[in-house]
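# A look at the structure
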Amino acid sequence: MSTINGTPTFHVALPDDIVDLFALLMQMHEEAKGGFLPVDGAKVVQKARWLLERGFVLVVRSRGEMVGSIAVGPTEHWYSLQPVLTDYWTYVKPTWRHS
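Residues numbered from 1 in each chain as written. Predicted model: local features only at pLDDT ≥ 70, side-chain atom pairs only at ≥ 80, totals over all residues. Heavy atoms only, no water.

Right, let's talk about the overall build of the chain for a bit. Helix and strand counts for the chain stand at two helices and five strands. Taken from the N to the C terminus, the helices and strands of the chain come in the order β-β-α-α-β-β-β. Relative to its full complement of 99 residues, the chain shows a buried share of 25%. Expressed as a percentage of contacts within the chain between residues at least 6 apart in sequence, the contacts between residues at least 24 apart total 53%. Here the chain has roughly 7,000 Å² of accessible surface; of this, 61% comes from carbon and sulfur atoms. Distance from the positive charge centre (9 side chains) to the negative charge centre (10 side chains) of the chain: 2 Å. (Helix = DSSP H or I, 4+ residues; strand = E, 2+ residues; numbered from the N terminus. Buried < 20%, exposed > 50% of the residue type's maximum accessible area, 1.4 Å probe, protein only. Contact = heavy atoms within 4.5 Å. Areas by Shrake-Rupley, 256 points an atom, 1.4 Å probe, with all protein chains shown as cover. Lys, Arg positive; Asp, Glu negative; His and termini not counted. Charge placed at Lys NZ, Arg CZ, Asp CG, Glu CD.)

Now the structure itself:
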């Protein structure tokens, strides 16, 4: 899946998407000027794989290029054992933003 009549398409991420997803997440981290903490590439891959199994990861592609992604998954608040759903990332490459 990539483009239908020039329109980007989206699909639920699959294990085969991990390499492109990693590159996209590294771009997001770089755009944030590296954030406040150093990135651990192994942890990024581990969390992405975990979310593929236990959460929901959606990717957007255009002509084969991954141009965006959103991920949600379970976590717990610091004060409760009740699981909640949270977002882990939402990112669209700058050239694809229209806001």
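Having put the structure on the table, let's press on.
Once that is clear, we can look at the nonpolar core. Across soluble globular proteins, you tend to see nonpolar side chains buried next to one another. Counting 14 residues, the largest nonpolar core has L21, V57, V59 and W89 as the members making the most contacts within it. It is helix α1 (residues 18–31) that provides the largest number of residues to this core, a total of four residues. Residue contacts for L21: discarding those within four places in its chain leaves A48, V57, V59, M66, S69 and W89. (Core = buried A, V, L, I, M, F, W, Y, C linked by side-chain atoms within 4.5 Å.)

With that settled, consider the packing of aromatic side chains. Taken as a whole and assessed by the stated rule, the structure comprises two aromatic pairs. Taking 5.4 Å as the distance between ring centres and 85 degrees as the angle between the ring planes, the aromatic pair formed by W78 and Y79 counts as edge-to-face. On the accessibility criterion, W78 (82% relative accessible area) is exposed. A relative accessible area of 58% places Y79 in the exposed class. Above the face of the W50 ring, K47 is positioned so that its terminal group lies 4.4 Å from the ring centre. (Phe/Tyr/Trp six-rings, centres within 6.5 Å; stacked < 30°, edge-to-face > 60°. Lys NZ or Arg CZ within 6 Å of the ring centre and 35° of its normal.)

This part covers the pattern of salt bridges. On inspection of all chains with the given rule, the structure shows four salt bridges. A salt bridge links R61 to D20, with the nearest nitrogen and oxygen atoms 2.8 Å apart. Note that R61 is positioned in strand β3 (residues 56–62) and D20 in helix α1, a separation of 41 residues in sequence. Close ionic contact of E31 with R97 constitutes a salt bridge, the shortest N to O distance being 2.9 Å. Taken together, the positions of E31 in helix α1 and R97 in the segment after β5 (83–92) put the pair 66 residues apart, joining distant regions of the chain. Owing to a relative accessible area of 34%, E31 belongs among the partly exposed residues under this scheme. Taken together, the shared-partner salt bridges in this structure form one network comprising D17, D20 and R61. (Salt bridge = Lys/Arg side-chain N within 4 Å of Asp/Glu carboxyl O.)

Quick look at unusual backbone geometry now. Only a minority of non-glycine residues have a phi that is not negative, and only a minority of peptide bonds are not trans. Positive phi outside glycine occurs at R63, with the angle close to 50 degrees. Its location among the elements puts R63 in the loop between β3 and β4 (65–76).

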